[in-house]
Amino acid sequence: MTATVEQPTTPAVVGDPEPAIVVENLTKVYKIFSNSFARAVAPFRKAETGGRFVALNRVNARFDRGEVVAILGRNGSGKSTLAKVIAGVTTPTSGRVKVNGRIAAMLELTSGFDPELSGRENIYLRAMVLGMTRAEADERIADIIAFADIGEHMDQPVRTYSSGMKSRLGFAVSVNVDPDILIVDEVLSVGDDVFRLKCVDRMGKIREQGKTILFVSHSMATVKAFCDRAIWINQGVVQAEGPVGPVVQAYEEFLKGERAEARARMRETAEEDIPLEKSDVVQVSGTRLLNTDGAATTIFEQGEDIVLEFTYEVKRPVRQLTFTYTIVNAEDIEVFCSDKRSPDHQLATTVGKHTVRARLVSPPLLGGGYRLSGELWDNQSSFFVNHSRDRRFTIAQGTFIGTGIAAVGCELSND
């Protein structure tokens with residue numbers, strides 16, 4: 001078997017018609033040993049020992065310039081192995097990978113740092129590993145330091161950094177080397193919310209420059225919002241590839257089937273009761289908003305009643321169900337959240353299907369966009385199930401009466 005990985009040493013030429021990455025018949029096999037001793041002596045034995053794990057099996061893929069491609073799959077499916085082979089971190093067992101352009105791979109943000117060197121010194125070290133010259137690093141170091149935003153710690157040894165500070169520094173270097181290809185493997189799972197927003201914003205700017213991004217992630221919401229195309233890998237084999245919507249849908253359906261099968265197997269083999277999914281107890285369907293005439297709509301006049309209708313099925317006995325709801329405005333400011341312990345909002349708990357029509361009476365909302373969400377809540381056992389998630393509606397702008405969140409009437413008396 002032959003294996004090649006062609007990694008260029010110079011950036012891609014603008015207007016180059018070649019794809020950014022071509023993967024042909026790529027196979028990666030890892031040897032598995034029963035213990036450390038068996039691994040150590042294996043090279044000295046004539047006969048091959050140990051088992052084999054096929055991480056990638058004859059994978060073919062093409063990544064064009066300017067694409068943002070998601071690589072999907074469960075843990076152990078081969079998606080991270082594919083990213084590592086493309087980045088040149090590991091070699092393939094057979095097949096061919098051709099890369100046309102400079103790669104910045106964020107597989108492990110803190111890899112390649114020398115703990116005894118300062119953050120500033122590590123910037124130069126990491127930049128040169130990624131293919132930059134000293135002069136290029138000098139030009140970009142101010143931007144890297146500003147993006148990392150770790151203040152006076154920049155000139156302290158990296159061994160004194162927290163994991164979050166190391167992640168900031170690693171990301172700052174990787175996105176400032178002006179890569180033609182950016183490989184991101186679960187980088188958004190580390191750091192705080194501010195850091196993740198900063199990561200997404202910078203990757204968006206790289207995308208706008210027409211660079212190629214390979215995005216390995218378990219976050220389907222981020223994948224749907226950020227990626228153009230997707231590749232789904234399972235047990236080392238490509239299951240689907242194409243526009244992000246259909247591939248994500250196929251992958252999510254696969255995961256649902258896997259979870260259902262796992263629950264069924266657990267119930268068959270368990271000697272005692274196991275935790276149930278929420279949908280095994282109460283399941284909600286058919287949520288919609290209605291006006292006072294019973295017509296489905298998402299646009300209401302100021303002061304008009306809003307009716308929320310849905311069906312829920314009680315599949316197993318529950319002690320009680322309380323209807324709760326929350327309204328937020330377009331800026332995610334909470335307008336109102338109902339009491340989870342209200343005795344006035346108790347629902348039927350008998351096994352079977354029930355229909356609820358909850359009328360929000362003359363809500364004093366000003367014109368604008370809102371979202372309604374809520375739960376059926378058993379406050380004795382902390383069990384809850386969503387009856388709607390961010391159901392959007394609009395209050396039409398009528399006569400201007402003021403600004404803010406809610407309309408508060410006023411009666412004047414003037415002596």
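The coordinates are above.
First things first, this report covers the structure right here in the doc.

Rules used in this analysis
- Residues numbered from 1 in each chain as written.
- Predicted model: local features only at pLDDT ≥ 70, side-chain atom pairs only at ≥ 80, totals over all residues.
- Heavy atoms only, no water.
- Helix = DSSP H or I, 4+ residues; strand = E, 2+ residues; numbered from the N terminus.
- Buried < 20%, exposed > 50% of the residue type's maximum accessible area, 1.4 Å probe, protein only.
- Contact = heavy atoms within 4.5 Å.
- Areas by Shrake-Rupley, 256 points an atom, 1.4 Å probe, with all protein chains shown as cover.
- Patch = residues over 30% accessible without salt bridge, like charges linked within 9 Å, V, L, I, M, F, W, Y side chains within 5 Å.
- Salt bridge = Lys/Arg side-chain N within 4 Å of Asp/Glu carboxyl O.
- Pairing = 2+ DSSP bridges.
- Axes fitted to C-alpha atoms, helices over the stretch in contact; angles between N-to-C directions.
- Phe/Tyr/Trp six-rings, centres within 6.5 Å; stacked < 30°, edge-to-face > 60°.
- Lys NZ or Arg CZ within 6 Å of the ring centre and 35° of its normal.
- Left-handed = near helix turned anticlockwise from the far one by under 90°.
- Nonpolar A, V, L, I, M, F, W, Y, C, P; charged D, E, K, R; others polar.

1. Considerations on the overall build of the protein chain
Broken down by element type, the protein chain carries eight helices and 19 strands. Out of the 415 residues belonging to the protein chain, those deemed buried represent 43%. Partitioning the intrachain contacts of the protein chain with sequence separation of at least 6 by distance along the chain shows that 71% fall at a separation of at least 24. As presented, the protein chain carries roughly 22,700 Å² of accessible surface, and 49% of it is formed by carbon and sulfur atoms.

2. As for a nonpolar patch on the surface
Taken together, the side chains of Y30, I32 and F53 present a nonpolar region at the surface, about 250 Å² in accessible area. If you trace the backbone, I32 turns up in strand β2 (residues 21-32).

3. Points about the sheet that holds strand β8 (residues 212-216)
Pairing is mixed in the open sheet, where six strands are placed in the order β6-β7-β8-β4-β9-β10. Every interior strand has two partners, whereas the edge strands, β6 (103-106) and β10 (237-243), have only one. The average angle at which neighbouring strand axes cross in this sheet is 15°, direction not considered. As defined by bridge partners, β6 adjoins strand β7 (residues 181-185) across four bridges and the pair is classed as parallel. What sits directly across from I103, in β7, is I181.

4. Some words on the packing of aromatic side chains
Within the structure shown, the criterion is met by ten aromatic pairs. Ring centres of Y370 and F393 lie 5.7 Å apart, and the angle between their planes is 20°; on these two criteria the pair is classed as stacked. Of the two residues, Y370 is situated in strand β18 (residues 368-378) and F393 in strand β19 (residues 383-395); the sequence distance between them amounts to 23 residues. Among the aromatic side chains, those forming a connected cluster through ring pairs are F310, Y312, F323, Y325 and F336. Geometry around F226 places R207 over its ring, the cationic atom sitting 5.4 Å from the centre. Note that K340 overlies the ring of W377, its terminal NZ or CZ placed 5.5 Å from the centroid.

5. Describing the pairing of strand β13 (residues 306-314)
The buried fraction of β13 amounts to seven of the nine residues, a majority that puts the element mostly inside the structure. Taken together, the seven bridges between strand β11 (residues 282-290) and β13 define a ladder with antiparallel strand orientation. For L289, the partnering residue across the bridge sits in β13 and is L308. Pairing geometry for β13 and strand β17 (residues 352-360), over nine bridges, is antiparallel. Bridge pairing links E309 to R357 in β17.

6. Quick look at helix α3 (residues 119-129)
Listed in full, the buried residues belonging to α3 are G119, N122, I123, Y124, R126 and A127. Phi turns positive, to about 100°, at G131, one or two residues after α3.

7. Examining the environment of Q283
Along the chain, Q283 turns up in strand β11. Given a relative accessible area of 35%, Q283 falls into the partly exposed group. C-alpha of Q283 to C-alpha of N386: the two residues are 103 residues apart in sequence and 8.8 Å apart in space. Ignoring anything within four residues of it in the chain, the contact list for Q283 reads T311, Y312, E313 and K315.

8. Remarks on the pattern of salt bridges
Tallied over the full model, the rule gives 18 salt bridges. Between R134 and D138 there is a salt bridge whose closest N-O contact spans 3.6 Å. Of this pair, R134 and D138 both sit in helix α4 (residues 134-148), four residues apart, which is roughly one turn of that helix. The exposure class assigned to D138 is partly exposed, which follows from its relative accessible area of 40%.

9. Observations concerning unusual backbone geometry
A positive phi angle, near 50°, is found at D149, a position not held by glycine. Among the secondary structure elements, D149 is positioned in the loop between α4 and α5 (163-175). Its identity as a non-glycine residue notwithstanding, Q235 has a phi of 50°, on the positive side. Within the secondary structure, Q235 is located in the loop between β9 (229-234) and β10. With relative accessibility at 59%, the residue Q235 sits in the exposed group.

10. A short note on the packing of α4 against α5
At a minimum axis separation of 8 Å, α4 and α5 run at an interaxial angle of 145°. Between α4 and α5 lies a crossing of right-handed hand. Together, I144, F147 and A148 of α4 and R168, L169, F171, A172 and V173 of α5 make up the contact between the two elements. Its residues assigned to classes, the contact of α4 with α5 comprises seven nonpolar, no polar and one charged.

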